Amino acid sequence: MAVEPQPTTATLIGSVQRAMRLLETVAAHPYGAPAKQLARATGLALPTAYHLLRTLVHEGYLRREKGLFFLGDAAERLSSNGARENRRCKVADTLAHWRDSIGAPMYYAMYRDGEIEVLCVSDSRDAPAAEEWADFRETGHAHAIGQCLLSQLDENARRDHLARYPVQALTPYTVREGDALLRRLARVRRMEPVVERQEYALGTVCAAVPITVGTTAATVAFALPAHQADRLLPTAHRLQTEIGRNIGSLTLSISI
């Protein structure tokens, strides 16, 4: 008769657990703590605490100054990455709420280091994202995301972008040459939503709401099927109001 395998208990590495307790204890002492105090607080024998502390210093998770231990660069990076991921989650949750409320796929994008970067897309089976059939970075002249970001730049920055990514006709509705696009962007008033109708993809219309934080240009955008084009501006203005209520979480995400 076959014998069923018995479930095994997960193996825990004691030295890792002790090292983690030391890290947590050091983090609770922003002005540093000596080895004896850390050993006492974690219930470790002093030789064990010394051994683990030396290892953590060697790996960069702790640093030692005048006999006191502080969090090191490696631990700070872990903390920073965790905070960044938390900001990403907040943005994703906010976009998902607007996606369901508006009934359209949502996009969050920034202009950073001379490039258009789509940082977050929130779509669903009922509100699928528009197909990126032509690279968003290279076709900023054609879609609302790019036009909104470019409208927040000065003319020199716009011309620099178009010199690197020249205007090209993607559909019969796409602007045909760079000067025409520059004139259009110059007419966009500060914080005014930008709309495009089938300039990037036939059958799709888009709107983008600007978010300017210092010198950083960002935007939240959405796409609709062309037969719902009459919803673009009313929905964009509604979204602008919602962004005003959630501007804190969005501006914090500038660093993601």
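All values derive from a computational prediction rather than experimental measurement.

This part takes up the nonpolar core. Ranked by internal contacts, the top residues of the largest apolar core, which has 28 residues, are Tyr107, Tyr111, Ile145, Leu149, Leu181 and Tyr200. The set of elements that each furnish at least two residues to this core consists of strand E3 (106–112), helix H5 (144–151), helix H7 (178–187), strand E6 (204–213) and strand E7 (216–225). Tyr111 has contacts with Ile116, Leu149, Leu150, Leu153, His161, Arg164 and Ala217, leaving out every residue within four places of it along the chain. Membership of the second largest hydrophobic core comes to 21 residues, among which are Val91, Ala104, Val205 and Ile243.

This part covers unusual backbone geometry. The phi dihedral of Lys66 falls on the positive side, at around 50°, and the residue is not glycine. Among the structural elements, Lys66 can be located in the loop between strand E1 (62–65) and strand E2 (68–71). For Lys66, a relative accessible area of 87% puts it in the exposed group. For Asp113, which is not glycine, the phi torsion reads 55° and is therefore positive. As for its position among the elements, Asp113 is in the loop between E3 and strand E4 (115–122).

Per the stated rule, a full pass over the model turns up three aromatic pairs. Pairing Trp133 with Tyr200 gives two aromatic rings, centres 6.1 Å apart and planes at 45°, and the pair type is tilted. You can see Trp133 sitting in the loop between E4 and H5 and its partner Tyr200 sitting in the loop between strand E5 (194–197) and E6, a full 67 residues away along the chain. Here Phe136 and Tyr200 contribute two aromatic rings whose centre-to-centre distance is 5.2 Å and whose plane-to-plane angle is 65°, an arrangement assigned as edge-to-face.

On to the confidence of the model for the protein chain, then. For residues with low pLDDT, the predicted coordinates do not support detailed interpretation. Per-residue confidence for the protein chain gives a mean pLDDT of 86; residues scoring 70 or more make up 86%. Highest mean pLDDT in the protein chain belongs to E5 (97); lowest belongs to helix H9 (residues 247–252) (56).

Cut-offs applied
Residues numbered from 1 in each chain as written. Predicted model: local features only at pLDDT ≥ 70, side-chain atom pairs only at ≥ 80, totals over all residues. Heavy atoms only, no water. Core = buried A, V, L, I, M, F, W, Y, C linked by side-chain atoms within 4.5 Å. Buried < 20%, exposed > 50% of the residue type's maximum accessible area, 1.4 Å probe, protein only. Helix = DSSP H or I, 4+ residues; strand = E, 2+ residues; numbered from the N terminus. Contact = heavy atoms within 4.5 Å. Phe/Tyr/Trp six-rings, centres within 6.5 Å; stacked < 30°, edge-to-face > 60°. pLDDT = per-residue confidence, 0-100.

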